[in-house]
Every structure is written in structure tokens, then in C-alpha cells.
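# Remarks on the overall topology
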Amino acid sequence: MCKVIIDRPEEKAGFIIFNHLYSRKDEDFTLQDLLPELQPYGLNLSEENLQREINMLIEDGAVSQRVGH
């Protein structure tokens, strides 16, 4: 694994969230789980903004909202 340094994390929130989700041990999550997990990356998102980013990943097919997929 490598370390990627991002100067303005809020501008690359989707990239950070995508990579974080795929590095998690547990594939199930809630927004309340993710909010504190994303803070070390410099992302201090509101729940609404995080939901918007997750929705975009779902629409792009990068994240599945269904159980077992």
C-alpha cells in the first residue's frame, strides 16, 4: 500500500471515501460509522454531504447498496 497526499481533501472526497471503503475490514457501514473514520484524512463532512458522496458512488456502480453484493 502507498500513501497519497492530497492538499485539499474536500475537493477529492469521492476518491478518499472510495479508497477508504475498500480498505475497511467490514463491508457493512453506516454514515455514523464513516464520519469519524474519515476525519484522519482531513474530511470533516456533514452527514448530508457524506450521503451525497455515497449516493454518487452508488450511481457510478462503485458501491452496492444491496445486501451480499
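This text goes with the structure placed above it.
Residues numbered from 1 in each chain as written. Predicted model: local features only at pLDDT ≥ 70, side-chain atom pairs only at ≥ 80, totals over all residues. Heavy atoms only, no water.

### A word on the overall build of the protein chain
Helix and strand counts for the protein chain stand at three helices and zero strands. Each helix and strand of the protein chain, placed in order from N terminus to C terminus, yields the pattern α-α-α. Here the C-alpha atoms of the protein chain give a radius of gyration of 12 Å, agreeing with the 11 Å that 2.2 N^0.38 yields for 69 residues. Considering the protein chain as a whole, with its 69 residues, one finds that 25% of them fall into the buried category. Taking contacts inside the protein chain between residues at least 6 apart in sequence as the whole, the part at least 24 apart equals 43%. (Helix = DSSP H or I, 4+ residues; strand = E, 2+ residues; numbered from the N terminus. Rg over C-alpha atoms; globule rule 2.2 N^0.38 Å. Buried < 20%, exposed > 50% of the residue type's maximum accessible area, 1.4 Å probe, protein only. Contact = heavy atoms within 4.5 Å.)

### Notes on the nonpolar core
The biggest cluster of nonpolar side chains holds 13 residues, and the ones touching the most others in it are I17, L21, L38, L50 and I54. Per-element accounting of this core gives the leading share, four residues, to helix α1 (residues 13-23). For I54, the contacting residues outside a window of four places in its chain are I17, L21, F29, L31 and L34. (Core = buried A, V, L, I, M, F, W, Y, C linked by side-chain atoms within 4.5 Å.)

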